[in-house]
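# Examination of the molecular architecture
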Amino acid sequence: MTCPRCGATVVASASICPVCGQPLSAARSDPIVVYAPGDTVVLQRPSIYDAPTVVVRRAQGATETVEQPLSATEIAAVVADLGKAMVVSQWQRWWWKILIIGIALYLTIDRVGTVTDNIFLLPQLFMIGTFLVPIVYTAYLYEDGTLYDVPLSKIALVFFFGGVLGSLAASLLESRLITSNNTGFFGQLTLSNALIVGFSEELAKLLVVLPFLFWARRHFPTIMHGIVLGAAAGMGFAAFESMGYAFYALINQNIAAMHDTIRLRALLAPLGHGTWTAIVAGAMWRERLIRGHPLTLNVPLAFLIAALLHTLWDYVPAIALWGVPIPHLLIGVLGLLLLRFFLVAAKGGDGPAYREPNLLRALRIYFGELREGLFNATAQKGKGAKRD
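Residues numbered from 1 in each chain as written. Predicted model: local features only at pLDDT ≥ 70, side-chain atom pairs only at ≥ 80, totals over all residues. Heavy atoms only, no water.

## Considerations on the packing of aromatic side chains
- Scanning the model with the defined rule gives 13 aromatic pairs in all.
- A ring pair is formed by Phe131 and Phe159, whose centres lie 5.9 Å apart and whose planes are at 45 degrees; its orientation type is tilted. In this pair, Phe131 sits in helix α3 (residues 122-144) while Phe159 sits in helix α4 (residues 152-177), placing the two residues 28 residues apart along the sequence. Neither Phe131 nor Phe159 differs from the other in exposure class; each is buried.
- Centroid distance Phe160 to Phe240: 6.1 Å. Interplanar angle 75 degrees. Geometry classified as edge-to-face. With Phe160 in helix α4 and Phe240 in helix α6 (residues 223-252), this pair connects stretches of sequence that are 80 residues apart.
- Here Phe240 falls in the partly exposed class, since its relative accessible area comes to 25%.
- An aromatic cluster of at least three residues, connected via ring pairs, comprises Phe131, Phe159, Phe160, Phe161 and Phe240.
- We note Lys205 situated over the ring of Phe237; from NZ or CZ to the ring centre the distance is 5.8 Å. (Phe/Tyr/Trp six-rings, centres within 6.5 Å; stacked < 30°, edge-to-face > 60°. Helix = DSSP H or I, 4+ residues; strand = E, 2+ residues; numbered from the N terminus. Buried < 20%, exposed > 50% of the residue type's maximum accessible area, 1.4 Å probe, protein only. Lys NZ or Arg CZ within 6 Å of the ring centre and 35° of its normal.)

The structure is reproduced here in structure tokens:
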């Protein structure tokens, strides 16, 4: 609902406006109930102590009979519509504010450190430079998915442990499996080592996400929950890894090389770890929603896709244009398109691709629709140019 005094969009159950303090009318406390085959989905409006979205709970057995049960896709659409009705506007969201404030702080600290020659400011540059974009990426998905029923403390813990435990697990796996330090054909890792790194790191990041599947049915029921948890774990891993690369550049080269490393990895961060882990987690939650459990062949397929994208990332040459490695940019765009499939599905996407339970066939339909849409848009643009 909207505050009558300042116009801010606030949670429907709030008793006061968190922006201006205006008292609000008593909020509705009755739950909204929709029925699905075999169970009941109760969309309970949160208390004033919760953030603005719905809380989804499931209970076995329907308490009432209905004429038309809802499918899994329709349930997702109901959740998405309720979330959109209660979520704050784009201008009131925090992800872009965090980005602007973070960039300003980074530039200010860099300038002050240069003027004063204060090396004690370097840890702040490391922290802000390597953590800013991963945090913004996670915050964007968190707010875009209206997942305010999940406390930020849990997202932060997934982010932190995804980075720390994921890095430890990946380091142990890679140290045992990689037997040579030879460079590959393109000057980076050999194909075998790139495969080891890709599969090891994708598996390591999932170790933090998997426990949430045990509570998924009650506390994290939607595909968007899985996507955000996966993105948080992957971006935590990316942040700590970027810090390591920046430190290596500082020790072995100079401060300028450190800044270049931080900027490049910040630019590429949304295209890598967070997106890959979000794809796998989105597939697990999609299967749990459709089939009631994630133990299907679709999940290994999603993991294989993410691991192969990671492998290509570490194997292909860094051919740069204006300082941006083009092959990595193309791999990243492909990953984002794959993630878009799960994002649309999480928001109740309709169409053959989102109704198809088999993930491989669904992705074929999805990319076919994208190709057809791109072809039609290009054709219409060409016709418009001819008329001119």
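## Quick notes on the side chain of Glu241
- Locating Glu241 in the fold gives a position in helix α6.
- Residue Glu241 is classed as buried on the basis of its relative accessible area of 18%.
- In this structure the side chain of Glu241 is engaged in a polar contact, spanning 2.8 Å, whose partner is the side chain of Arg265.
- Setting aside anything within four residues of it in sequence, one finds Glu241 in contact with Glu201, Arg265 and His273. (Polar contact = N/O pair within 3.5 Å; in protein donor to acceptor, adjacent residues only side chain to side chain. Contact = heavy atoms within 4.5 Å.)

## A few points about the pattern of salt bridges
- By the definition in use, this model includes 9 salt bridges.
- In this structure, Asp144 engages Lys347 in a salt bridge whose closest nitrogen and oxygen atoms are separated by 2.5 Å. Here Lys347 lies in the loop between α10 (326-346) and α11 (352-355) and Asp144 lies in helix α3, a separation of 203 residues in the sequence.
- Under the relative-accessibility criterion, Lys347 is labelled partly exposed at 29%.
- Across the pair Glu287 and Arg286 runs a salt bridge, and its minimum N-O distance is 3.2 Å.
- We classify Glu287 as buried; its relative accessible area is 1%.
- By relative accessible area, Arg286 is classed as buried at 2%. (Salt bridge = Lys/Arg side-chain N within 4 Å of Asp/Glu carboxyl O.)

## Remarks on α6
- With 30 residues, α6 ought to run about 44 Å at 1.5 Å a step, and its terminal C-alpha atoms sit 43 Å apart, in line with that.
- Buried residues dominate α6, accounting for 22 of its 30 residues. (Expected span 1.5 Å × (residues − 1).)

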